[in-house]
Amino acid sequence: NPHFLFNSLNTLYGTIDRGNPEARRLVLNLADVYRYLLRSERTLVEVEEELRIVRAYLEIEELRLGPKLQTKVDADPQALRVTIPLLSIQPLVENAVKHGVASRMGAGFVHLKIKVDDETVSVEVSNSGVWDSSPGRSPGLSSECDLPTSGIGLTNVRRRLELCYGPKARFDIRAEDGVTTVAFVLPTKPVPPGLVSNEAVALS
């Protein structure tokens, strides 16, 4: 029941002393993230809107993990108005935090880069470490190249991009020099509404 969730968060926010701004900000970020994740009426959003939720999510994780998590977001201002499928970036960032920092000893980083030119927008999420399939690691990893291939978040993002853009979408996962990078490239022109499949809507 989303209304119960948001009412509870609002109540919690009201009980936190104003002298504790970090806790109050945490509750607001949680509400924003959950509200975004529960949206299903739209399949496409502007990069700026998705980026706002990514920043809220990273603030939550930075508070949870402290100095262990180092983040950097580099987005071309011109890319902010480009339309992309809902939840194309946030799941990739969440995977990067989970596998590249939270599950490892010591500090780690997550870097997000969004670039645009006349015809394409590119999104690249890099994290410290290489995901592998050793015992105890998360499921859905490839034993051949030690890279994630079928985790729910990655699979949904890849499938969503394929359904919205077909062969015009490029999705890539690579690891080199101790860094894992997940990236995709999309055309900047919006997809005509009639061409977006029902399955893409269901995955949002």
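Residues numbered from 1 in each chain as written. Predicted model: local features only at pLDDT ≥ 70, side-chain atom pairs only at ≥ 80, totals over all residues. Heavy atoms only, no water.

> Explain the pattern of salt bridges here, please?
For side chains bearing opposite charge, pairing can occur when the charged atoms are close. Per the stated rule, a full pass over the model turns up ten salt bridges. One salt bridge connects E59 with R25, and the closest N-O pair in it is separated by 3.1 Å. Note that E59 is positioned in helix α3 (residues 47-65) and R25 in helix α2 (residues 21-37), a separation of 34 residues in sequence. A residue is classified by how much of its surface remains accessible, and E59, at 33% relative accessible area, is partly exposed. For R25, a relative accessible area of 40% translates into the label partly exposed. The salt bridge partner of R159 is E162, with a shortest N-O separation of 3.5 Å. Pair noted here: R159 and E162 are both in helix α5 (residues 152-165), with a separation of three residues, about one helical turn. Ionic contacts of the salt-bridge type, sharing partners, join the residues E46, E48 and R81 into one network. (Salt bridge = Lys/Arg side-chain N within 4 Å of Asp/Glu carboxyl O. Helix = DSSP H or I, 4+ residues; strand = E, 2+ residues; numbered from the N terminus. Buried < 20%, exposed > 50% of the residue type's maximum accessible area, 1.4 Å probe, protein only.)

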